[in-house]
Amino acid sequence: MWHATVVEHHRLRRDVAVVRLIGDVIPFVSGQSVAVSTPQHPLVVRRLSPALPPSLDGKLEFHVKAVPAGWMSGSIVAETKPGDVWEFTEPAGQMRIDDSGRDVVMIAGGTGLAPFRSLILDAARKAEPPRTYLFFGARTPRDLYASDMLFLLDAELPWLTVVPVVEHLVDPDWTDEWYERTKVDVGYGLDDLLAGRLGDVVSAHGKFTAHQIFVCGSPGMTRATIEQLTAGGTPMENIRYDPI
Ligand SMILES: Cc1cc2nc3c(=O)[nH]c(=O)nc-3n(C[C@H](O)[C@H](O)[C@H](O)COP(=O)(O)OP(=O)(O)OC[C@H]3O[C@@H](n4cnc5c(N)ncnc54)[C@H](O)[C@@H]3O)c2cc1C
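Residues numbered from 1 in each chain as written. Predicted model: local features only at pLDDT ≥ 70, side-chain atom pairs only at ≥ 80, totals over all residues.

**Considering unusual backbone geometry**
Stated precisely, the cut-off is as follows: Only DSSP runs of H or I covering at least 4 residues are called helices, and only runs of E covering at least 2 are called strands; the numbering of each starts at the N terminus.
In this structure, alanine 69 is a non-glycine residue whose phi angle is positive, near 60°. One can find alanine 69 in the loop between β5 (59-65) and α1 (72-79). Backbone geometry places glutamate 90, a non-glycine residue, at a positive phi of 50°. With respect to the secondary-structure elements, glutamate 90 resides in strand β6 (residues 85-92).

Listed below in structure tokens is the structure:
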């Protein structure tokens, strides 16, 4: 078992927070998830995916979305605070970029982005990262909680292309005070967004026969996306996934 202490808690949306911790070095690799318990619910264990590659100084980052009536996720978004000590066990998961040099396609729904952020930063340390396409999907533009960070990475890394996708081009008419507080000028504009469901948008690009494909999102999004990809001729053996 490993421990780390919360040093930052950024609530980015009513239902999304980014949590940064420093602590033990956990033996995971980018793309994996770890089992976590928090002091608010010490007996509840849930899997979360680090959004940073493993670091020798024990830095960790997690992106957490509160699911309706969820025990742990709602509490992390609303109640986590600096000084909280989290416990970690069981790193696991098969989403790894191989050394074949094949192009990479990442398909992320919501906080399914986290393991891909880790894989992209890991690839950026390599001499020749593979060409990588990241489809990042959300319901509406303001649900693209990491738009600013991805916009900057996209501009910085010549081998990375980010495709932001939203189901609806218009935000809901209620005000998300957390979004208003954290709003910045950097990020994708409405003209940069593709409209549609992730599975439809990705499979409209054709079949991916010579790619490494990774899918991470809600169980429904993961299932629907894989079904559409394979129905369109993408071989299942090219696909690795983690429903969150
Ligand atoms: C490999 C893996 C990696 C994961 N990584 C992350 C991550 O990086 N960030 C993150 O935010 N979450 C991640 N999850 C999801 C996380 O582990 C929890 O399942 C989620 O936070 C809900 O836990 P909870 O205790 O709040 O809800 P629970 O108390 O377990 O569930 C409460 C209710 O919410 C429903 N519910 C549970 N999950 C979902 C969902 N995804 N969408 C809609 N309804 C749901 C349940 O059916 C139930 O009715 C990951 C899951 C897996 C398996």
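After presenting the structure, the write-up continues.
**What about the sheet that holds strand β12 (residues 239-243)?**
The following threshold applies: If DSSP finds at least two bridges between two strands, the strands pair. Working definition of a contact: two residues with C-beta atoms, positioned from the backbone, lying within 7 Å. Fitted lines through C-alpha atoms give the axes, limited to the stretch in contact for helices. The angle between two N-to-C directions lies from 0 to 180 degrees.
Read across the sheet, 6 strands follow the order β10-β9-β8-β7-β11-β12 without closing on themselves; strand pairing throughout is parallel. Two strands close off the open sheet at either side, each with one partner strand: β10 (194-195) and β12. The pairing of strand β11 (residues 211-217) with β12 spans 5 bridges and is classified as parallel. Residue pairing in the sheet places phenylalanine 214 in a bridge with arginine 240 of β12. Strand contacts of helix α2 (residues 113-123): β7 (103-109), β8 (132-138), β9 (160-166), β11 and β12, with the helix running at about 160° to β8, the strand carrying the most contacts. Contacts from helix α3 (residues 147-156) reach β8 and β9, with the element oriented near 150° to β9.

**Considering the sheet that holds β6**
Judged by pairing direction, the sheet is antiparallel, and its 6 strands sit side by side in the order β4-β3-β6-β1-β2-β5 without closing on themselves. Edge positions in the sheet fall to β4 (41-48) and β5, since each has one partner strand and no second. Each strand axis lies, on average, 35° off the axis of its neighbour in the sheet, ignoring direction. In this structure, strand β1 (residues 2-13) lies alongside β6, joined through 4 bridges in antiparallel fashion. Residue pairing in the sheet places alanine 4 in a bridge with tryptophan 86 of β6.

**A look at the pairing of β5**
In plain terms, the rule: Field definition: a residue is buried when 20 or more other C-beta atoms are found within 10 Å of its C-beta, exposed when 12 or fewer are, and partly exposed for counts in between, with C-beta atoms placed from the backbone.
By the criterion of burial, β5 is predominantly enclosed, with 5 of the 7 residues buried. Looking at chain direction, strand β2 (residues 16-23) and β5 are connected through 7 bridges and run antiparallel. Residue pairing across strands places valine 18 opposite histidine 63, the latter belonging to β5.

**Here's the deal with α1**
Selection criterion: This arc is taken over the directions from the axis of the helix to the C-beta atoms.
For α1, every residue scored as buried is listed here: Ser73, Ile76 and Val77. Considered in projection along α1, the buried side chains sweep an arc of 95° and stay on one side of the axis. Residues of α1 that are buried make contact with β1, β2, β3 (33-38) and β5.

**Details of the environment of serine 37**
Residue placement: serine 37 occurs in strand β3. Take serine 37: there are 17 C-beta atoms within 10 Å of it, and that puts it in the partly exposed class. Through-space distance from the C-alpha of serine 37 to that of threonine 89 is 8.9 Å; in sequence the pair is 52 residues apart. Setting aside residues no more than four positions away along its own chain, serine 37 makes contact with Pro42, Val44, Val45, Trp86 and Glu87.

**Quick look at the site of the ligand**
How we decide: The criterion for a residue being near a molecule or strand is a backbone-placed C-beta atom within 6 Å of that molecule or strand. All residues other than Ala, Val, Leu, Ile, Met, Phe, Trp, Tyr, Cys, Pro, Asp, Glu, Lys and Arg, Gly among them, are scored as polar; the first ten of these are nonpolar and the last four charged. Residue ranges for the domains originate in an automatic or database domain assignment.
Close to the ligand lie 24 residues, the nearest being Gly70, Trp71, Met72, Ser73 and Ile244. Sorting the residues of the shell around the ligand by element identifies β4, β5 and α1 as the ones contributing at least two each. For the shell around the ligand, the class distribution of residues is 11 nonpolar, 9 polar and 4 charged. Built from parts of two domains, the shell around the ligand gets at least three residues from each of domain 1 (2-92) and domain 2 (103-243).

**Side note on the domain arrangement of the protein chain**
Partitioning the protein chain into structural domains gives domain 1 (2-92) and domain 2 (103-243). On a C-alpha basis, the centroid separation for the pair domain 1 and domain 2 is 21 Å. The partner domain 2 presents 16 residues to the 17 residues of domain 1 that form the contact. By residue number, the principal contributor to the side of domain 1 that touches domain 2 is β5, which donates 4 residues. Classifying every residue of the side of domain 1 that touches domain 2 by side-chain character gives 8 nonpolar, 5 polar and 4 charged.

**Considering the pairing of β3**
Examined bridge by bridge, β3 and β6 share 4 bridges and lie antiparallel to one another. Its bridge partner being in β6, serine 37 is matched across the sheet by glutamate 87. Hairpin connection between β3 and β4: a loop of 2 residues separates the two successive antiparallel strands.

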